[in-house]
Amino acid sequence: MLHTETIEESMTKDAKLLMRDTTVWDTDGFGGKLLSMLKTVLGSSQMQIRQSVKSCKTILAVVVLYALGGAMLGSRAKAALRMAAVCTLCLCVTDDVGALIRLGTDTAEDLNVFSKALLPVMAGAAAGSGATGSSAALYAASAAFFSLLVSVLRSFLIPAVKCFLALSAADAALDGRTFAGMKQFAAGLVKHSLRVITLVFSAYLSLTGIISGSADALGVKAAKMAVSSVVPVVGSMISDAAETVLVSAKYLLRSVGVYGMLGTVAVLLVPFLRLWIRYLIMNITFYLASVFDCEGLSGFLKDVSTAIGFVIGIVSCCALLLFLSCVCFMRVSVT
């Protein structure tokens, strides 16, 4: 018993709404279902867009006032004005960026919960199709790497993003050179950590899926030949029945895999789109702010956009690991 109903139970409320017309056995029109979910989420995102535009209007107002004040003040007064402007921008973006960081962390946790329901079902279906050794290896690797990523996310990546933002604010408030190296170091830690985790996970799953999958396929074929020759009279009939069971298990594996990937998209789509809307509008705000002669403030806005991009990268990395796991599970079924 694979308990496929646990997959739906582990979804978030928004994901259940997006998946309400899709079942584990309904795997036709993957692209159409994906497009339908995207249209639904886009239609409900107007409020998020209005809130982001309103926040960025406030940010641009601060930039314009700083540019006007800086043109009329001396160097010392301009430095004090720049520090006041950076503090004001920090107040403007702290709540929004903090909420987005929490959203990214919660989404990674939701994907982790979803993976704990999806991966055992896929491992059971893969084992039923004959890939016993592969399914165990892939399940162990997927679960271990997902737990590792969530632990690294909580204890290292999110604090590194917050540290990057703090250093960026300090750098913008001062001369733009004091904390530049430390800021770039914090950004590099986040980028390289995500890259290393993804590459190691992808390499391990690929090697395990190809090598173990081939070995399992040979083992099942040998077992079928043994049953056919050893069992008298009905040996070939039992062997044919075993083939039918394997084909059914392979179909279940692919059905659960497609449903699991759609479920991953459903869990990811709402928060991912919210992050992308904020990221896009913040980039537009940065380009508008760069028109004025206020390099320190526009640089800070660019770093805020970069921090949101880091959160998007963290969430995308979690989704990518789950997608890769689904694909590898579907590949290791006996052919």
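Caption draft 1: Seen up close, the overall build of the chain. Regarding its fold elements, the chain presents 9 helices and 0 strands. For the chain, the succession of helices and strands along the chain, N to C, is α-α-α-α-α-α-α-α-α. Classification of the 335 residues of the chain by burial places 45% in the buried group. Counted over contacts in the chain with a minimum sequence separation of 6, partners at least 24 positions apart contribute 84%.

Caption draft 2: Representation of the side chain of Asn112 in the model. Within the fold, Asn112 resides in helix α5 (residues 75-128). Apart from the residues lying within four places of it in its own chain, the contact partners of Asn112 are Phe146 and Val150.

Caption draft 3: Region of the structure containing the packing of aromatic side chains. Overall, the coordinates contain 3 aromatic pairs when judged by the stated rule. For the ring pair Phe164 and Phe310, a centre distance of 5.6 Å and an interplane angle of 65° mean the geometry is edge-to-face. Here the residue Phe164 occupies a position in helix α6 (residues 132-173), and Phe310 occupies one in helix α9 (residues 295-331), the gap between them amounting to 146 residues. The exposure class assigned to Phe164 is buried, which follows from its relative accessible area of 2%. Phe310 sits in the buried class, given a relative accessible area of 7%.

Caption draft 4: Representation of a nonpolar patch on the surface. A grouping of Trp276, Leu280, Ile284 and Leu288 is seen on the molecular surface, where their side chains present a nonpolar patch of about 390 Å² in accessible area. Structurally, Leu288 is set in helix α8 (residues 235-289). Given a relative accessible area of 43%, Leu288 falls into the partly exposed group.

Caption draft 5: Expanded view of the confidence of the model for the chain. Chain-level pLDDT for the chain is 75 on average; 74% of the residues reach the 70-or-more range. Throughout residues 230-239 the model reports pLDDT below 50, and contacts reaching past four residues in sequence, or to other chains, amount to 9 contacts. Below pLDDT 50 for its whole length, residues 244-249 participates in 8 contacts with residues either more than four positions away or in separate chains.

Caption draft 6: Up close: the pattern of salt bridges. Applying the stated criterion across every chain yields a total of 4 salt bridges. Between Glu109 and Arg154 there is a salt bridge whose closest N-O contact spans 2.6 Å. Here Arg154 lies in helix α6 and Glu109 lies in helix α5, a separation of 45 residues in the sequence. Under the relative-accessibility criterion, Glu109 is labelled partly exposed at 22%. The exposure class assigned to Arg154 is partly exposed, which follows from its relative accessible area of 48%.

Caption draft 7: Molecular detail of the environment of Ile158. Within the fold, Ile158 resides in helix α6. Residue classification places Ile158 among the buried positions, given a relative accessible area of 8%. Note: C-alpha distance between Ile158 and Ala307 (149 residues apart in sequence) is 9.8 Å. Apart from residues lying up to four places away in sequence, Ile158 is in contact with Ile101, Thr105, Leu153 and Ile314.

Caption draft 8: Focus on the state of the cysteines. Applying the stated criterion across every chain, the model contains 0 disulfides. Left without a disulfide partner, Cys317 is nearest to the cysteine sulfur of Cys318, which lies 6.0 Å away.

Caption draft 9: Structural view of the environment of Leu167. With respect to the helices and strands, the residue Leu167 is situated in helix α6. Relative accessible area serves as the criterion here: at 11%, Leu167 is assigned to the buried category. For the pair Leu167 and Ala180, spaced 13 residues apart in the sequence, the C-alpha separation amounts to 7.9 Å. When near neighbours in sequence (up to four residues on either side) are disregarded, Leu167 contacts Phe179, Met182, Lys183 and Ala186.

Conventions used here
- Residues numbered from 1 in each chain as written.
- Predicted model: local features only at pLDDT ≥ 70, side-chain atom pairs only at ≥ 80, totals over all residues.
- Heavy atoms only, no water.
- Helix = DSSP H or I, 4+ residues; strand = E, 2+ residues; numbered from the N terminus.
- Buried < 20%, exposed > 50% of the residue type's maximum accessible area, 1.4 Å probe, protein only.
- Contact = heavy atoms within 4.5 Å.
- Phe/Tyr/Trp six-rings, centres within 6.5 Å; stacked < 30°, edge-to-face > 60°.
- Patch = residues over 30% accessible without salt bridge, like charges linked within 9 Å, V, L, I, M, F, W, Y side chains within 5 Å.
- Areas by Shrake-Rupley, 256 points an atom, 1.4 Å probe, with all protein chains shown as cover.
- Salt bridge = Lys/Arg side-chain N within 4 Å of Asp/Glu carboxyl O.
- pLDDT = per-residue confidence, 0-100.
- Disulfide = S-S within 2.5 Å.

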